[in-house]
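Coordinate analysis (summary)
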Amino acid sequence: MSTRDPNAVSSREAESDRTVLWAPWRMQYIDGEKTPGCIFCVSPESTIVRERLILHVTPYSRVMLNKYPYNNGHLMIAPHRHTADLVELPEVEFSDLMRTLRQTVALLQQAMHPHGMNVGLNLGTSAGAGIADHLHWHVVPRWAGDTNFMPVVGAVHVMPQHLLDNYDLLLPYFTALSSTPTDIHNQK
Ligand SMILES: [Zn+2]
C-alpha cells in the first residue's frame, strides 16, 4: 500500500497540469549571447522605434513587443526609470505604469481579440525575471488551443516577421492613444 499523500502532486504532475506554451524561438534567447546593457534602457525614452519593437511611450513608461514572445502579441510595459524596486517606485510613475498596463490590455482586446490574457510581473531572478534589474510587466494574449497551435506555426526563422507584423498591427492602436499634438510617434 502506498504511503503517498493523496494531496501531494509530484513536480512532473504539476508541470503537466500547467498549460505551458511551447515557444521554441525562446531558445535563441536562452542560449544566445545576451546584448550588454538593459534592453529597456538602450533606447532614448521618448522615441517609438520599430526596430526596437517600441510601440508606445508615456511620460514614465513604455510599451514594447517581447522579441522572444511566448505568444503572438506578447507585450512588456516598463518604467523609463531603471529600477527593480516596485515598492519604492514613486506614485506618479506607478500610476502611469498601471494606466498604461490597463490601456495595453484594452488595445490587445481590440486589436487581436484574444480569449484571455496572462498579465504579470516577475520580481527577481528567483521568480523568473529574465531581466531582473528593470521592472517590467508581461501581457500575453491567449487563445483557446494556443498551446497546440503555437508549435505548428512557431519557428525561429519566421518569428522576426511575425514580430513586425504584430508591431504594425498594434502601432495604430497605440498611436490613437496619444493625445498630444507634438506626438513622438512621428519620430522614427
Ligand atoms: Zn533598464
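Residues numbered from 1 in each chain as written. Predicted model: local features only at pLDDT ≥ 70, side-chain atom pairs only at ≥ 80, totals over all residues.

On a plain count of helices and strands, the protein chain comes out with 5 helices and 5 strands. Each helix and strand of the protein chain, placed in order from N terminus to C terminus, yields the pattern α-α-β-β-β-α-β-β-α-α. Burial analysis of the protein chain (188 residues in total) assigns 25% to the buried set. In the protein chain, the share of contacts with a sequence separation of at least 24, taken over all contacts with a separation of at least 6, comes to 67%. (Helix = DSSP H or I, 4+ residues; strand = E, 2+ residues; numbered from the N terminus. Buried ≥ 20, exposed ≤ 12 C-beta atoms within 10 Å, placed from the backbone. Contact = placed C-beta atoms within 7 Å.)

Most of strand 3 (residues 75-79) sits inside the fold, with 5 of its 5 residues counted as buried. Burial along strand 3 is two-sided: L75, I77 and P79 facing one way and M76 and A78 facing the other are all buried. As judged from the 5 bridges shared by strand 2 (residues 61-65) and strand 3, these two strands associate in the antiparallel manner. Along strand 3, the bridge assignment pairs L65 with L75. (Pairing = 2+ DSSP bridges.)

Further remarks concern the environment of D165. Mapped onto the fold, D165 is located in helix 5 (residues 159-177). Along the chain, D165 and N72 lie 93 residues apart, while their C-alpha atoms are 9.7 Å from each other.

Attention shifts here to the nonpolar core. Residues L55, M64, L75, I77 and V139 are the most contacted members of the largest nonpolar core, which totals 25 residues. Secondary structure elements with two or more residues in this core: strand 1 (54-57), strand 2, strand 3, helix 3 (91-112), strand 5 (137-142) and helix 5. Broken down by element, this core gets its largest block of residues, 4 residues, from strand 3. (Core = buried A, V, L, I, M, F, W, Y, C linked by C-beta atoms within 7 Å.)

The subject of this paragraph is the confidence of the model for the protein chain. Confidence in the prediction for the protein chain averages 77 pLDDT; 65% of positions are at 70 or higher. Least confident of the elements in the protein chain is helix 1 (residues 11-17), whose mean pLDDT is 44; most confident is helix 3, at 97. In the predicted structure, residues 149-158 sits below a pLDDT of 50 and forms 12 contacts with residues beyond four places in sequence or in another chain. Segment residues 180-188 is flagged for pLDDT under 50; beyond a separation of four residues in sequence, or across chains, it makes 10 contacts in the model. (pLDDT = per-residue confidence, 0-100.)

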